[in-house]
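Per-entry structural report
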Amino acid sequence: MLYKYVDGSLIDESGKVIYFSNESFVSRICEGDDCFLCGSKKEEKKFNDEHVIPKWLLSKHDLFKVEITLPNESKIRYDKYTLPCCEECNSYLGQNIETEIQSITGKGIESVNQYIVKNGPWKIFLWLCLIFLKTHLKDSLLRMHLDRRKGDGNIGDIYNWGFLHHIHCMVRAIRENSSIESQCCGSLFVLQAKVTDHYDSYDYRDIYEANTILLRTGDVAFLAVLDDSCSANNFFYNHFQRISGPLSPIQLREVLSHITLLNLKLKNRPRYFTKVNPKNGDVTIKAELPEEWELEDHTREELGSILWSNVSQMIESMEDPNLTEENVTQGLYHFLFNEKDEFIKNSMDFYKK
Ligand SMILES: [Zn+2]
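Residues numbered from 1 in each chain as written. Predicted model: local features only at pLDDT ≥ 70, side-chain atom pairs only at ≥ 80, totals over all residues.

1. Let's talk about the environment of Gln95
Mapped onto the elements of the fold, Gln95 is located in helix H3 (residues 87–106). With 10 C-beta atoms counted inside 10 Å, the residue Gln95 sits in the exposed group. Taking the C-alpha atoms as reference points, Gln95 and Ser317, 222 residues apart in sequence, are found 41 Å from one another. (Helix = DSSP H or I, 4+ residues; strand = E, 2+ residues; numbered from the N terminus. Buried ≥ 20, exposed ≤ 12 C-beta atoms within 10 Å, placed from the backbone.)

Here it is, written out as structure tokens:
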């Protein structure tokens, strides 16, 4: 037996939330401080908070004391970058997702590829959804203006929560064992990252407007488009085939730029929604795909300006007189392929940290 709140959420007889409506997701999870996964309140359960970037990654790359810069230019240490989460959900995520991802990425790129061949992409894809969700929920808790005289808004206020609501449903499916239709899986790329002493062994970047994400740890780089039902996989296929070696950090940022543009230019988008069986409370996340996958026209300058926003902080030490903002934003400078369309194998080899 299910009960419906006025805000549209569904709860079962024990009071457990089966489905968060968009409205309750915004008020309880984005703007409130209930457990971000199950919605428990702090007075109901023990909380121990969840690191936005998993603790095992912080420890692997010695990041606990490193500061990150937020979209409002304020800084926060990784060890303080956490979200309200109850102990139960926190240990569930640890046992059912983080331990496995840590183990397979720890053994390197070959092990990740073998894992995907054997088990499919879902666990890794949902893990990336989880990190993306946590990052942007955290934004909602942080003040956009640290100086209150400039207003009370939070960084998160600029967001349209509709898409994050879908990602929240997907992440809750891990916890609640709900079904997800296979077409809800977005494009996932697992690429070999180049490892040298010249640069950091970790990178994270996401583009909220395009729902794209890049996470690099050691020689493994994950890139994904979270809401395209694999269309970027098809459109990027030719480029993908020409990548013939491990990629430097800046090359991975260029791949991120390509898939970002592909997703922003998708003409007809898939639509995602959640169905709940009123009799037994079973939850299924479904996708409705467009009849045809088509891209709007785009210019090399559009790719150039996305590329520039993703690489500008990385290029300071790359001594190349042609590497200028003007050349990159005009689409005249690339890091992945040379003018003969061949993969660049020595990208960043002369880079100094
Ligand atoms: Zn919880």
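2. Considering the environment of Leu303
One can find Leu303 in helix H10 (residues 300–311). Note on Leu303: 21 C-beta atoms within 10 Å, which makes it buried. As for Leu303 and Gln330, which are separated by 27 residues in sequence, their C-alpha atoms are 8.5 Å apart. In this view, Leu303 contacts Ser257, Leu261, His298 and Gly331; residues no more than four positions away in its chain are not counted. (Contact = placed C-beta atoms within 7 Å.)

3. Some remarks on unusual backbone geometry
For Asn211, which is not a glycine, the phi torsion comes out positive at approximately 55°. Mapped onto the fold, Asn211 is located in the loop between strand S10 (202–207) and strand S11 (212–217). Overall, the presence of 22 C-beta atoms within 10 Å leaves Asn211 in the buried class. Not every positive phi belongs to a glycine, and Asp341 is a case in point at roughly 65°. For Asp341, the position within the fold is in the segment after helix H11 (325–329).

4. Some points on the sheet that holds strand S3 (residues 17–19)
Taken together, three strands build an open sheet; the order of strands is S1-S2-S3 and the sheet is antiparallel. A single partner strand is all that each edge strand has here, and the edge strands are strand S1 (3–4) and S3. Sheet topology note: the strand S2 (residues 10–11)/S3 ladder contains two bridges and is antiparallel. The residue bridging Ile11 from the neighbouring strand is Val17, located in S3. (Pairing = 2+ DSSP bridges.)

5. Some thoughts on the nonpolar core
Counting residues in each nonpolar core, the largest one holds 79 residues, and the members touching the most others are Leu128, Cys129, Leu223 and Ala224. Excluding anything up to four places from it in sequence, Leu223 contacts Phe189, Leu191, Ile213, Leu214, Val255, Leu256 and Ile259. (Core = buried A, V, L, I, M, F, W, Y, C linked by C-beta atoms within 7 Å.)

6. Describing the domain arrangement of the protein chain
The domains assigned to the protein chain are domain 1 (1–184) and domain 2 (186–264 + 299–353). Averaged C-alpha coordinates put domain 1 and domain 2 at centres separated by 26 Å. Facing 24 residues of domain 1, the contacting portion of domain 2 comprises 21 residues. Put simply, the parts of the chain that give the side of domain 1 that touches domain 2 at least two residues each are helix H2 (55–60), helix H4 (109–119), helix H5 (122–141) and helix H6 (161–176). Among the residues making up the side of domain 1 that touches domain 2, the classes are represented as 16 nonpolar, seven polar and one charged. (Domains from an automatic or database assignment. Nonpolar A, V, L, I, M, F, W, Y, C, P; charged D, E, K, R; others polar.)

7. Let's talk about the sheet that holds S11
Spatially, four strands are ordered S9-S12-S11-S10 in an open sheet, and the strand pairing comes out antiparallel. Unpaired on one side and paired on the other, strand S9 (187–192) and S10 mark the two borders of the sheet. Across the sheet, the axes of successive neighbouring strands diverge by a mean angle of 10°, strand direction being ignored. Pairing geometry for S10 and S11, over six bridges, is antiparallel. Bridge pairing in S11 places Tyr204 opposite Leu215. Lying over the sheet, H4 contacts S9 and strand S12 (220–225), oriented at roughly 150° with respect to S9. (Axes fitted to C-alpha atoms, helices over the stretch in contact; angles between N-to-C directions.)

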